[in-house]
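One-letter residues, chain by chain:
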Amino acid sequence: MDPIVLFDGYSKIENGNYYANCSCVLIKGPPNVIVDTMTAWDGDKLVKALNKESFAPDDINYVVCTHGHSDHIGCNYLFQKAIHIVGHSISYKNKYEIDHDFKSSYEYIINDRIKVSPTPGHTLQDVSVIVNSSRGVTAITGDLFEKFEDLTDDNIWKEAGSDSEELQRINRQKILILSDFIIPGHGPMFKVPQRFKNPG
Ligand SMILES: [Zn+2]
């Protein structure tokens, strides 16, 4: 099953104020996975969007947050029956899985078509969810990619905040090469243009 974008992320400046919310994605399984849960004020609309897909929060088996910023983790509390992966942290209730070493580049395998891959840069604990589906490989990257436009304008992802521009550049290239589609942190899903698949 292809990942379903429940909400397109965005970021914008209006009247001198900065507004942002993340892309929120459902991967139907089993196991059922939700990636990035928006702000803490989005609970009602997130439940409604799940209901439209004939899902309830308790049907979700994994919550994956691409990193720990407030617009990506806000509604994690809805998912009481799920394993929560927030950046490098993996937990269920108060029990933490401390053996998985994202830091040494190990991927966390959810099943044979869904894996969580460390892609540091925006924060040093950023992860991306890589999904093999009928339309090809879809990478749900959080803010490794801010939006499609940042493929041609590095300032967009740099100004969104980068804890390591060097690592972010390397991981962006890695994801561009392996993906057919990218769901970025703050813009609609896009197909990766062939010209971005050549390194350098
Ligand atoms: Zn973000």
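No experiment lies behind these values; they were computed from the predicted model shown. (Residues numbered from 1 in each chain as written. Predicted model: local features only at pLDDT ≥ 70, side-chain atom pairs only at ≥ 80, totals over all residues. Heavy atoms only, no water.)

**Re the overall build of the protein chain**
Note the following rule: Think of it this way: any DSSP run of H or I at least four residues long counts as a helix, any run of E at least two long counts as a strand, and we number them from the N terminus. In this treatment the radius of gyration is a C-alpha quantity, and the globule benchmark scales as 2.2 Å times the residue count to the 0.38 power. To sort residues, take the accessible area from a 1.4 Å probe on protein chains only and compare it with the maximum for the residue type: under 20% means buried, over 50% means exposed, and anything in between is partly exposed. Every accessible area reported is derived by Shrake-Rupley at a probe size of 1.4 Å, with residue values counting cover from the shown protein chains alone. Only four residue types enter the tally: Lys and Arg on the positive side, Asp and Glu on the negative side; His and the chain ends are excluded. A charge is said to be at NZ when it belongs to Lys, at CZ for Arg, at CG for Asp and at CD for Glu.
Broken down by element type, the protein chain carries 4 helices and 15 strands. Its C-alpha atoms give the protein chain a radius of gyration of 16 Å, within 12% of the compact-globule value 16 Å for 200 residues. Each principal axis of the C-alpha atoms in the protein chain carries an extent, and together these give about 45 × 45 × 30 Å. Looking at the protein chain residue by residue over its 200 residues, the buried ones come to 53%. For the protein chain, the accessible area works out to roughly 9,900 Å², and carbon and sulfur atoms hold 50% of it. Of the charged side chains in the protein chain, 20 are positive and 27 negative, and the gap between their average positions amounts to 4 Å.

**Digging into the pattern of salt bridges**
Put simply, the test is: For this analysis, a salt bridge means a side-chain nitrogen from Lys or Arg found within 4 Å of a carboxyl oxygen belonging to Asp or Glu.
On inspection of all chains with the given rule, the structure shows 7 salt bridges. In this structure, E14 and K12 form a salt bridge, with 3.6 Å as the shortest nitrogen-oxygen distance. The exposure class assigned to K12 is partly exposed, which follows from its relative accessible area of 37%. One salt bridge in this structure joins D42 and K45, with 3.8 Å as the shortest N-O distance.

**Side note on the sheet that holds strand 9 (residues 95-96)**
Where we set the bar: Pairing between two strands is assigned when DSSP locates at least 2 bridges connecting them. For this analysis, residues touch if any pair of their heavy atoms sits within 4.5 Å. In this description, a line fitted to the C-alpha atoms serves as the axis of each element, helices being fitted only across the stretch in contact, and the angle between N-to-C directions of two axes falls anywhere from 0 to 180 degrees.
With respect to topology, 7 strands assemble into an open sheet ordered 1-4-5-6-7-8-9, the strand pairing being mixed. A strand with exactly one partner marks an edge of an open sheet, and here the two such strands are strand 1 (4-7) and strand 9. Here 3 bridges tie strand 4 (residues 24-27) to strand 5 (residues 33-35), and the two strands are oriented antiparallel to one another. Bridge pairing in strand 5 places V25 opposite V35. Taken strand by strand, helix 1 (residues 43-52) contacts strand 1, strand 4 and strand 5, and its axis lies near 145 degrees from that of strand 1.

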